[in-house]
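The residues making up each chain are set out below.
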Amino acid sequence: GKILGATSVAFFQGLLLLLVFPYLETNFNITNFLATLGVIFLLAYGMAAIGIYFASHIQRTESFSFLLQLVFLPMVFLSGAFFPLNNAPSWMATLASFNPLAYGIDALRWTSLYYSLPRSQLNRITLHNLPLSLIMLGMFDVIITFLSIKVFQKIK
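Here's a quick rundown of the structure.

Next up on the list: the packing of helix α2 (residues 30–55) against helix α3 (residues 62–77). Between two packed helices, the angle of one axis relative to the other and the distance separating the axes together describe the packing. It is at 10 Å that the axes of α2 and α3 come closest, and there the two elements cross at 140°. It follows from the interaxial angle that α2 and α3 lie oblique. Considering how the two elements wind past one another, α2 and α3 form a crossing that is right-handed. Each of M47, I50, G51, F54 and A55 in α2 lies in contact with α3, whose residues at this interface are F64, L67, L68, V71, F72 and M75. Partitioning the contact of α2 with α3 into residue classes produces 10 nonpolar, one polar and no charged.

Listed below in structure tokens is the structure:
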């Protein structure tokens, strides 16, 4: 319940940003919109679940924001959200391959820009193809949900 609550907040924030996308002079249609919404949900769910997982390990509320910064900031910087990872050093690309957020960013690029950019350009700004990104993001969601439930049950 806590994971879905946090997911819904992040999902609706992503939806609001997505509503601006058609005004950015791109070929954005209902297919892009629905596919991107699905990716936003998977990404929001995974990040909410990892937040619940780490929150379950903390004794003091004050420590939670510090831990989130310690976990989420490296994830964001190694996700490719600020710069494509194709031109990154090999050590950084290797670290990014273990980052579920990197797969989510790639999936968002594929779903939102599929009809706007040629496939060759999409390949240059993404590290992984869409099916692999969705599979890895889905697997991460399942694993982190299982771990979050186990840790949360031990606390109760």
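Further remarks concern helix α1 (residues 2–18). End to end, α1 covers 24 Å across 17 residues, agreeing with the expected 24 Å (1.5 Å per residue, within 8%). Those residues of α1 that sit buried are I3, T7, F11, G14, L15 and L18. Mapping the buried residues of α1 onto a view down its axis gives an arc of 100°, with all of them on the same face. Facing away from the buried side of α1 by more than 90 degrees, the exposed set consists of K2, Q13 and L16.

So, on to the side chain of H128. In this structure, H128 sits in the loop between α6 (119–125) and α7 (130–155). When its relative accessible area of 11% is taken as the criterion, H128 is described as buried. Aside from chain neighbours lying at most four places away, what touches H128 is Y103, D106, W110 and S133.

What follows deals with the packing of aromatic side chains. For any two aromatic rings, the description comes down to two numbers: the centre-to-centre distance and the angle of the planes. One pass over the full model with this rule turns up six aromatic pairs. With a centroid separation of 6.1 Å and 75° between ring planes, the pair formed by F11 and F41 is classed as edge-to-face. Here the residue F11 occupies a position in helix α1, and F41 occupies one in helix α2, the gap between them amounting to 30 residues. Judged by relative accessible area, which is 37%, F41 ranks as partly exposed. On the numbers, 5.8 Å between centres and 40° between planes, the contact of F77 with F82 is tilted. When its relative accessible area of 49% is taken as the criterion, F77 is described as partly exposed. On the basis of relative accessibility, which here comes to 58%, the residue F82 falls in the exposed class. Put simply, the rings of F11, F12, F41 and Y45 pair up and form one aromatic cluster.

Before going further, it helps to examine a nonpolar patch on the surface. A grouping of I135, M139, I143, F146 and L147 is seen on the molecular surface, where their side chains present a nonpolar patch of about 480 Å² in accessible area. Within the secondary structure layout, L147 lies in helix α7. Residue L147 is classed as partly exposed on the basis of its relative accessible area, which comes to 35%.

Before going further, it helps to examine α3. One turn of the α-helix equals 3.6 residues, which is why residues spaced by three or four share an orientation. Helix length check: α3, at 16 residues, gives a terminal C-alpha distance of 24 Å against a target of 22 Å (1.5 Å per residue), a fit within 8%. Every buried residue of α3 is accounted for by L68, V71, F72 and M75.

Attention now goes to the nonpolar core. Membership of the largest hydrophobic core comes to 16 residues, with the highest contact counts inside it found for I3, M47, I50, F72 and M75. Within the residue set of this core, elements represented by two or more residues are α2, α3 and α7. In terms of residue count, α2 provides more of this core than any other element does, seven residues in total. L18, F21, L37 and I40 belong to the second largest nonpolar core, which has 11 residues in total.

Calculation criteria
Residues numbered from 1 in each chain as written. Predicted model: local features only at pLDDT ≥ 70, side-chain atom pairs only at ≥ 80, totals over all residues. Heavy atoms only, no water. Axes fitted to C-alpha atoms, helices over the stretch in contact; angles between N-to-C directions. Helix = DSSP H or I, 4+ residues; strand = E, 2+ residues; numbered from the N terminus. Parallel < 35°, antiparallel > 145°, perpendicular 65-115°, else oblique. Left-handed = near helix turned anticlockwise from the far one by under 90°. Contact = heavy atoms within 4.5 Å. Nonpolar A, V, L, I, M, F, W, Y, C, P; charged D, E, K, R; others polar. Expected span 1.5 Å × (residues − 1). Buried < 20%, exposed > 50% of the residue type's maximum accessible area, 1.4 Å probe, protein only. Arc of directions from axis to C-beta. Phe/Tyr/Trp six-rings, centres within 6.5 Å; stacked < 30°, edge-to-face > 60°. Patch = residues over 30% accessible without salt bridge, like charges linked within 9 Å, V, L, I, M, F, W, Y side chains within 5 Å. Areas by Shrake-Rupley, 256 points an atom, 1.4 Å probe, with all protein chains shown as cover. Salt bridge = Lys/Arg side-chain N within 4 Å of Asp/Glu carboxyl O. Core = buried A, V, L, I, M, F, W, Y, C linked by side-chain atoms within 4.5 Å.

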